[in-house]
Amino acid sequence: MEHFTIATVAEESADFRRVLWTGEHTQLVIMTIPVDGEIGEEVHDVDQILTFVSGTGKAKVGGQEKNVAQGDLVVVPAGKKHNFLNTGVNPLVLYTVYGPPEHADKAVHKTKEEADALEEAGKDEPPTD
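Quick caveat: nothing in here was measured; it's all calculated off a predicted structure. (Residues numbered from 1 in each chain as written. Predicted model: local features only at pLDDT ≥ 70, side-chain atom pairs only at ≥ 80, totals over all residues. Heavy atoms only, no water.)

Evaluation of the coordinates by the stated rule reveals eight salt bridges. When the shortest N-O distance is used, the salt bridge between Lys 110 and Asp 15 registers 3.3 Å. One end of the pair, Lys 110, is in the loop between strand E9 (108-109) and helix H2 (112-120); the other, Asp 15, is in the loop between helix H1 (6-12) and strand E1 (17-22), with 95 residues separating them in the sequence. Assessed through its relative accessible area of 7%, Asp 15 is described here as buried. Arg 17 is the partner of Glu 119 in a salt bridge, and the nearest nitrogen-oxygen pair spans 2.7 Å. With a gap of 102 residues between them, Glu 119 in helix H2 and Arg 17 in strand E1 connect regions that are remote in the sequence. The network of salt bridges with common partners includes Asp 15, Arg 18 and Lys 110. (Salt bridge = Lys/Arg side-chain N within 4 Å of Asp/Glu carboxyl O. Helix = DSSP H or I, 4+ residues; strand = E, 2+ residues; numbered from the N terminus. Buried < 20%, exposed > 50% of the residue type's maximum accessible area, 1.4 Å probe, protein only.)

We now examine the environment of Asn 67. Here Asn 67 shows up in strand E5 (residues 64-69). For Asn 67, a relative accessible area of 53% translates into the label exposed. For the pair formed by Asn 67 and His 82, sequence separation is 15 residues and the distance between their alpha carbons is 14 Å. Beyond its immediate sequence surroundings of up to four residues, Asn 67 is in contact with Gly 57, Lys 58 and Asp 72. Engagement of the side chain of Asn 67 in a polar contact is seen with the side chain of Lys 58, the distance being 3.4 Å. (Contact = heavy atoms within 4.5 Å. Polar contact = N/O pair within 3.5 Å; in protein donor to acceptor, adjacent residues only side chain to side chain.)

Another aspect to go through is the sheet that holds strand E8 (residues 92-99). What holds strands together in a sheet is hydrogen bonding between their backbones, with the strands either parallel or antiparallel. Read across the open sheet, the six strands follow the order E6-E3-E8-E2-E1-E9; overall the sheet is antiparallel. Each end of this open sheet is capped by a strand with a single partner; those strands are strand E6 (73-76) and E9. (Pairing = 2+ DSSP bridges.)

All quantities given are derived from atomic positions and should not be read as evidence of function.
In structure tokens, the structure reads:
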């Protein structure tokens, strides 16, 4: 059994993205978006659910915008353009579930730049088994 005290685990990670668990149909990832940072505008072929642990930000999904803070949850359906921006004075910390998995199992990306480079190089692909 995998067990996480998810808010604590997410708060303790300074990594931009860290994959905690990958299953056949879903994937659990924690993220820390630095002050003035963002995830970056993107579109996935998978569904995504993001839950915010701390900080404040702005969610942009499918042309709509909403402020987000601790305890908020945002659903991003597959195919929707989206971005999440840190608008606060502290890191924006969240955990997200992808269905099916979106990233390489156990991937750790210290920064957004590292994450983007690995994705572009094809080195952040989800398992195919």
